[in-house]
Amino acid sequence: MEFKKLTTEVKTVENNELKETEHVKCLIIGSGPAGYTAAIYASRANLFPVMYEGMQPGGQLTTTTEVENFPGYPQGITGPEMMEDLKKQAARFGTDIRWGMASKADLTSRPFKITIDHEKVISAETVIIATGATAKYLGLPDETKYAGQGVSACATCDGFFYRGKVVAVVGGGDTAAEEALYLAGLCKKVYLIVRRNVLRASKVMADRVEKKENIEVLWEHQTVGLFGENGVEGANLIYKKGTTEEKSVKINIDGFFLAIGHKPNSDIFVPAIETDNNGYIKTVPGTPKTNIPGVFACGDVQDHVYRQAITAAGSGCMAAIEAERFLAENE
Ligand code: NDP
């Protein structure tokens with residue numbers, strides 16, 4: 001089925017502000033592997049998608065160095081290069097890729113109204129949310145200083161570079177436990193830096209961590225800085241901060257992994273869109289369908305379990321196929 005490109009632009013005045021409105025068949029919000037893959041499929045299906053790239057065009061992968069686990073790149077590829085390739089592929093089939101952030105979403109009725117950068121309103125027949133998630137950092141200046149030089153927020157992405165080395169994971173939840181166990185399979189030693197005297201992780205994960213010989217849990221430690229000449233060589237910690245037993249501890253490490261949680265970028269879609277307690281968009285299992293017909297979610301904004309580029313790309317494909325079906329059924 002062929003879809004006509006709608007180019008209607010309407011100018012309206014709302015609260016004394018001039019707002020431009022543009023009507024589109026398919027609006028894609030976010031530009032990681034999920035968003036670009038959705039764009040490739042949606043443009044090849046003649047949905048003439050418009051994509052707003054968001055604050056970090058290319059998403060989280062643009063902050064990693066080498067990507068070696070995305071099928072099709074036997075020599076590996078850098079995150080930014082891969083995102084640039086995906087962008088070119090989406091543009092090649094006609095995706096209208098634009099710079100801008102969705103700042104407000106009215107999903108109460110179709111067509112949906114998405115405000116971009118607080119000024120322009122896009123009226124969309126279907127919306128694909130691919131806004132991703134943002135890894136939480138401790139907020140130390142050293143995390144920025146050593147970004148890509150020993151600091152990572154993804155063990156599955158970067159752990160391989162630390163084979164046979166000593167690394168630290170910060171956090172006490174399921175992600176930290178999972179990342180520490182993953183790294184323990186690759187590295188000589190893994191320190192798990194936990195701020196309390198207990199893990200938040202599920203019992204089964206906590207047990208696995210405590211039984212793993214090459215994981216040393218540093219209970220009640222907080223990281224205050226990193227050091228190293230050419231990349232991370234160690235971390236400065238404080239034990240029992242604020243108590244009479246407080247003392248400084250120095251550990252020598254080659255890699256420092258943050259695992260203190262992710263924040264899904266779903267705020268502007270709530271409460272219309274249903275999320276779980278952590279803000280991840282709920283989808284019908286095995287599909288990208290949200291609680292609102294015509295609105296689909298793909299990638300990390302709806303996935304706290306796998307969080308891989310390849311799974312995000314797969315879910316982006318599914319979202320575009322569902323958007324196409326939805327339009328065909330509701331035209
Ligand atoms: P969580 O919010 O569960 O855990 C975050 C951890 O980081 C906590 O231990 C917390 O400490 C610690 N933390 C937070 N801020 C700081 C800080 N500033 N300094 C030091 N430590 C800090 O996040 P997760 O990503 O682990 O998990 C998110 C959700 O995803 C959970 O529901 C989890 O169960 C789920 N999940 C499920 C998996 C699975 O089923 N396979 C795998 C991974 C996650 P404190 O405990 O003191 O608050």
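Reference entry: report on the structure contained in this document. The model shown is predicted, which means the values in this text are computed figures rather than measured ones.

Thresholds, definitions, all that
- Residues numbered from 1 in each chain as written.
- Predicted model: local features only at pLDDT ≥ 70, side-chain atom pairs only at ≥ 80, totals over all residues.
- Heavy atoms only, no water.
- Near = heavy atom within 4 Å.
- Polar contact = N/O pair within 3.5 Å; in protein donor to acceptor, adjacent residues only side chain to side chain.
- Areas by Shrake-Rupley, 256 points an atom, 1.4 Å probe, with all protein chains shown as cover.
- Nonpolar A, V, L, I, M, F, W, Y, C, P; charged D, E, K, R; others polar.
- Core = buried A, V, L, I, M, F, W, Y, C linked by side-chain atoms within 4.5 Å.
- Buried < 20%, exposed > 50% of the residue type's maximum accessible area, 1.4 Å probe, protein only.
- Helix = DSSP H or I, 4+ residues; strand = E, 2+ residues; numbered from the N terminus.
- Contact = heavy atoms within 4.5 Å.
- Pairing = 2+ DSSP bridges.
- Axes fitted to C-alpha atoms, helices over the stretch in contact; angles between N-to-C directions.

Some remarks on the site of the ligand
Step number 1: Of all residues adjacent to the ligand, which total 14 residues, the nearest are Asp174, Thr175, Arg195, Arg196 and Arg200.
Step number 2: Within the backbone of Gly173, an N or O atom sits 3.2 Å from an oxygen atom of the ligand.
Step number 3: For the ligand, an oxygen atom lies 2.6 Å from a polar atom in the side chain of Arg200.
Step number 4: Computed on the free molecule, the ligand has an accessible area of 910 Å², of which 72% lies beneath the protein chains in the complex.
Step number 5: In terms of residue class, the shell around the ligand is made up of two nonpolar, seven polar and five charged.

A short note on the nonpolar core
Step number 1: Within the largest apolar cluster, 31 residues are counted, with the highest numbers of intra-cluster contacts made by Ile28, Leu47, Met82 and Ile128.
Step number 2: In terms of residue count, helix α7 (residues 309-330) provides more of this core than any other element does, eight residues in total.
Step number 3: Ignoring any residue separated from it by four or fewer positions in sequence, one finds Ile128 in contact with Cys26, Leu27, Ile28, Ile29, Ala38, Phe296, Cys298, Ala319, Ala320 and Ala323.
Step number 4: In terms of nonpolar packing, the next biggest core, distinct from the first, is built from 23 residues, Ala176, Ala184, Leu199 and Ala201 among them.

Re the sheet that holds strand β17 (residues 247-252)
Step number 1: Within the open sheet, the three strands sit side by side as β15-β16-β17. Their pairing is antiparallel. Strand pairing shows two members of the sheet lacking a second neighbour, β15 (221-227) and β17, which therefore form its edges. Neighbour-to-neighbour, the strand axes of the sheet open up by a mean angle of 25°, direction not taken into account.
Step number 2: Relative to β17, strand β16 (residues 234-239) is paired through six bridges, and the arrangement is antiparallel. Counterpart to Ile238 in the pairing with β17 is Ser248.

Considerations on the sheet that holds strand β13 (residues 189-193)
Step number 1: Overall, parallel pairing links the five strands, which are arranged β11-β18-β12-β13-β14 in an open sheet. Lying at the two open borders of the sheet, with one neighbouring strand each, are β11 (151-152) and β14 (215-218).
Step number 2: Judged from the four bridges that link them, strand β12 (residues 166-170) and strand β18 (residues 255-258) form a sheet pairing that is parallel. From the neighbouring strand, Val169 faces β18, where its bridge partner is Phe257.

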